[in-house]
Amino acid sequence: MSQIQPLTVDVLEQEALPAELPPLTAPAPKGRLRRAPLPQWVRLLLSNPKSRGGLIVLGAMIVVAVFAPLIATHDPNAFSLIDSRQSPSWNHLFGTTDQGADIFSQVVLGARTSLILGASAALLSTVLATTFGILGAYAGGWIDDVVNFVTNVFLVIPTIPLLVVVSGYLKTRGSLTMILIIGLTLAALEARILRGQALSLRNRDFVQAAKVAGESTPRIIFGEIMPNMVSRIAAGFVLVFYVAILTAAGLEFLGLGDMQHTSWGVTLYWAQVNSTVLQGEWWPFLFPGLALATTVAALVFILAGLDEVSNPRLRVERTHRRAWRSLLLGKGRT
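Note on numbering: residues in each chain are counted from 1, in written sequence order. The predicted origin of the model limits local features to residues at a pLDDT of at least 70 and limits the giving and counting of side-chain atom pairs to 80 or more, whereas totals for whole chains, interfaces and linings rest on all residues. With hydrogens and water stripped out, all remaining heavy atoms of the structure feed into the side-chain values.

S.K.: Is there a simple way to explain a nonpolar patch on the surface in this structure?
M.R.: Each patch is assembled from residues with relative accessible area greater than 30% and no salt bridge, linking like charges that lie within 9 Å and nonpolar side chains (Val, Leu, Ile, Met, Phe, Trp, Tyr) that lie within 5 Å. Accessible surface area values rest on a Shrake-Rupley calculation with a 1.4 Å probe, where residue burial reflects the displayed protein chains alone. Should a side-chain nitrogen of Lys or Arg be within 4 Å of a carboxyl oxygen of Asp or Glu, the pair is scored as a salt bridge. A grouping of I62, V63, V66, F67, L70 and I71 is seen on the molecular surface, where their side chains present a nonpolar patch of about 550 Å² in accessible area. Secondary structure elements are taken from DSSP: a helix is a run of H or I of four residues or more, a strand is a run of E of two residues or more, and numbering for both begins at the N terminus. At the level of secondary structure, the elements contributing two or more residues to the nonpolar patch comprise α3 (49-66) and α4 (68-71). No other element matches the 3 residues that α3 contributes to the nonpolar patch. Relative to the elements of secondary structure, I62 occurs in helix α3. The partly exposed category is assigned to I62, whose relative accessible area is 41%. Exposed residues in this analysis have more than 50% of their type's maximum accessible area, buried residues have under 20%, and partly exposed residues fall in between, with area computed by a 1.4 Å probe over protein chains only.

The structure is reproduced here in structure tokens:
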């Protein structure tokens, strides 16, 4: 009988291990770039039906504003006594004014002016509020005292009466004045909100760990604190956006805006001056007012979605309502 030779360690390893280990993950196909995942707050915002609808409507308004010169069919400031006071038709989709100006062109080109004014005021307010709110909360001491004093001063300044007074004394009224006053006065409220949120984040464990690790102050602020406040910063931007649009339209409706530029408020002002409603002409009021209301409603829906992103309790309540609705529907079908 032949003796059985004991297996050595090399033989065992050769039998146990395959010749070539398979890769842990399948290699990405060549020539195809990997998509970067969206941030969580963006995915939550897109999954919310209210904010998703608001983003679609606002995106459509932005597209109209960008391509306004191509979409407008007539000169918005042209006068024609032959075409005056025409109701909506194929030649003039939104009708004409008492002077024969095409209202459709005024609404389309006015979207650019109104959206630029609202976005500029919101951007100015957001930058100031984020900078001073986070800086005062993180630095503390006399810097925080100065930020508190400045925000308290601007909090007691009413925005609309200040705009009325300033517009009444200025010889030339432009959008820059509205942008500066709206942005500066509304930045104080957002700075106070962001300061309170930054104070709660300043003592969190991940911020303290970054300090112990020797991270620089800009790295802690922009890398640790600010990413946890993105939804609140975006909500402040949207809030100032639609407040600025409404405020500017209201002042222009009162005749305190820049009458040389076409906007929704200016179109409503001339409709009011010419007493179009008393003469049975409803279209000069309806279409610019509808464009203004639609844009503001879209921004309000986006703000509601941002509230759910920043407040997990609202998402839980929405999930519970959806579960109860599906349960009741299921019982009704049975």
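This is not the end of the story, as more comes after the structure.
S.K.: Quick question: what am I supposed to make of the layout of surface pockets here?
M.R.: Rolled over the atoms, a probe with the dimensions of a water molecule shows which regions are left empty. Space inside and on the surface of the protein is sampled on a 1 Å grid over the protein atoms alone, with a cavity defined as a set of points where a 1.4 Å probe fits but cannot get out and a pocket as an open set with protein on both sides within 12 Å along at least 5 of 7 lines; lining residues have an atom within 4 Å of a point. Grid points are joined across faces, edges and corners, and a volume is the space filled by probe spheres set on the points. Here the largest pocket defines a volume of roughly 340 Å³. Contributing to the lining of the largest pocket are 20 residues, with P76, N77, F79, Q106 and W270 lying nearest its centre. The element that contributes the greatest number of residues to the lining of the largest pocket is helix α12 (residues 264-273), accounting for 4 residues. Polar here means any residue outside two lists: the nonpolar Ala, Val, Leu, Ile, Met, Phe, Trp, Tyr, Cys and Pro, and the charged Asp, Glu, Lys and Arg; Gly therefore counts as polar. Counted by class, the lining of the largest pocket contains 8 nonpolar, 11 polar and 1 charged residues.

S.K.: Sorry, what's going on with the environment of V63 here?
M.R.: Within the element layout of this structure, V63 appears in helix α3. Residues V63 and R112 lie 49 residues apart in sequence; the distance between their C-alpha atoms is 9.6 Å.

S.K.: What is the right way to read the pattern of salt bridges from this model?
M.R.: Pairs can form between side chains of opposite charge once their charged atoms are near each other. One pass over the structure, following the stated rule, counts 3 salt bridges. Between D144 and R195 there is a salt bridge, with its nearest N and O atoms 2.7 Å apart. Remark: R195 occurs in helix α8 (residues 175-202) and D144 occurs in helix α6 (residues 141-155); sequence separation between them is 51 residues. In terms of burial, D144 and R195 fall into one category: buried. Close ionic contact of R232 with E190 constitutes a salt bridge, the shortest N to O distance being 3.1 Å. Residue R232 is located in helix α11 (residues 230-253), and its partner E190 is located in helix α8; the two are separated by 42 residues in the primary sequence. Comparing R232 with E190 shows no difference in burial state: the two are buried.

S.K.: What am I meant to see in the packing of aromatic side chains here?
M.R.: Each aromatic ring pair is summarised here by two numbers: the centre-to-centre distance and the angle between the ring planes. Stacked, tilted and edge-to-face pairs are distinguished by plane angle, under 30 degrees for stacked and over 60 for edge-to-face with tilted covering the rest, among Phe, Tyr and Trp rings (Trp via its six-membered ring) whose centres lie within 6.5 Å. All chains considered together, the criterion is met by 6 aromatic pairs. Seen in terms of ring centroids, Y269 and W270 are 5.1 Å apart; in terms of plane orientation they differ by 65°. Their pairing is edge-to-face. The class for Y269 is buried, based on a relative accessible area of 19%. A relative accessible area of 42% means that W270 is categorised as partly exposed. Pairing W282 with W283 gives two aromatic rings, centres 5.5 Å apart and planes at 85°, and the pair type is edge-to-face. Of the residues examined, W282 reaches a relative accessible area of 46% and is grouped as partly exposed. Put simply, the rings of F94, F104, W282, W283 and F287 touch in pairs and so form one group of aromatic residues.

S.K.: Is there a simple way to explain the confidence of the model for the protein in this structure?
M.R.: Low-pLDDT stretches of the model should not have their predicted coordinates read in fine detail. Note: pLDDT gives the predictor's confidence per residue, expressed from 0 to 100. With 79% of its residues at a pLDDT of at least 70, the protein reaches an overall mean of 78. Within the protein, α3 carries the highest mean pLDDT (90), whereas helix α1 (residues 9-16) carries the lowest (44). Residues are treated as being in contact if the distance between any of their heavy atoms lies within 4.5 Å. Confidence over residues 4-26 falls short of pLDDT 50; this stretch has 2 contacts with residues more than four positions distant or in other chains.

S.K.: Would you mind going over empty space enclosed by the protein with me for this structure?
M.R.: Evaluation of the coordinates by the stated rule reveals 2 cavities of 30 Å³ or more. Counted as a void, the largest cavity has a volume near 60 Å³. Taken together, the elements giving at least two residues each to the lining of the largest cavity come down to α5 (103-139), α11 and α12. Ranked by residue count, the leading element in the lining of the largest cavity is α11, at 4 residues.

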